[in-house]
Amino acid sequence: MSIITLTSDIGYQDYLVGAIKGQLWQDCPGCHVADITHHISPFNLPQATYICKSAFAWYPPATFHIVLINLFDRKADHVLLAEWNGQYIGCADNGLISMITGGQAIKVLKLQLDSTKPKNTFTIIQRFTQALKSIQDGQPWEQLGTPATDITIKNNLQPLTGDDYIEGQIIHIDNFENVVVNITRQQFEEHRRQRKFKIFFRRDEVINQLSETYADVAEGQKLALFNAAGYLEIAINKGNAAGLFGLQSFGRDQLTQSGGYQHLSFYQTVRIIFE
């Protein structure tokens, strides 16, 4: 049975997610369709990267991930299909593939869209399912589409670092208003080098130790931990950190600005000082 995942910024306010699933079940009878999320902030590629990388790692080989983020960034005659870590990712040619894979070597194809059909979400889904069925039928990779040598490349947001600090950006706020920062445990340990540390955010808020779970502090108290995906998280035990501290994630308007990182405010950054 094929596993197909869906990730999008569509939301659930109208018919579209349900209709997409109907299209998938028509094209691939018997497939299992799993929702990763449909609540990505509109056009927010850094957030989509975090969600996709964190979720895709748990799926078995040959899973087909369809990512409908910033799908119509420009009028295009193709979409992309990538093979990465034994799985397949279908998305628009908008830089997301390079952000998810982090520059790792991958195989990428351009899937041409039918010029006689309207370029909408359903014709794009149909193009992805054509590729999926061809893969299941054993068709060689190079026959699925055209080798992609000139795709859009974008770099993911990376922390700023110095000898005694690392400064990250808020990339996601979850349903509990826990705040996820683009600092991984590996990056933290590499820069920490066994030193003591203080985590600064929202001007005068400081945390100087890491917790393993939310219950390590009393209810209503702030904490920092590395979540199951390996990213730094600022939280309040049974509280809403983002709302109470006025923290914000990297915004859509900043994605379109040159030097967007320079426009971040202290509401969007977390700095760790090593001592």
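Heads up: these notes are all about the structure in this document. (Residues numbered from 1 in each chain as written. Predicted model: local features only at pLDDT ≥ 70, side-chain atom pairs only at ≥ 80, totals over all residues. Heavy atoms only, no water.)

Following the criterion strictly, the structure yields 8 aromatic pairs and no others. Pairing Phe188 with Phe197 gives two aromatic rings, centres 5.1 Å apart and planes at 90°, and the pair type is edge-to-face. Accessibility assignment for this pair places Phe188 and Phe197 in one class, buried. Grouping aromatic residues by their ring pairs yields a cluster made of Phe64, Tyr88, Phe128 and Trp141. (Phe/Tyr/Trp six-rings, centres within 6.5 Å; stacked < 30°, edge-to-face > 60°. Buried < 20%, exposed > 50% of the residue type's maximum accessible area, 1.4 Å probe, protein only.)

Side chains that are nonpolar tend, in soluble globular proteins, to be buried together. One finds Ile4, Ile20, Leu24, Phe64, Ile66, Leu81 and Phe128 to be the most contacted residues of the largest nonpolar core, which totals 27 residues. When contributions to this core are tallied by element, the ones reaching two or more residues are strand 1 (3-8), helix 1 (16-27), strand 3 (64-68), strand 4 (78-84), strand 6 (107-112) and helix 4 (121-136). Ranked by residues supplied to this core, first place goes to helix 4 with 6 residues. Setting aside residues up to four positions removed in sequence, Phe64 forms contacts with Ile3, Ile4, Thr5, Leu81, Tyr88, Phe128, Leu132 and Ile135. Counting residues in hydrophobic clusters, the runner-up holds 25 residues, among them Ile69, Ile89, Cys91 and Tyr231. (Core = buried A, V, L, I, M, F, W, Y, C linked by side-chain atoms within 4.5 Å. Helix = DSSP H or I, 4+ residues; strand = E, 2+ residues; numbered from the N terminus. Contact = heavy atoms within 4.5 Å.)

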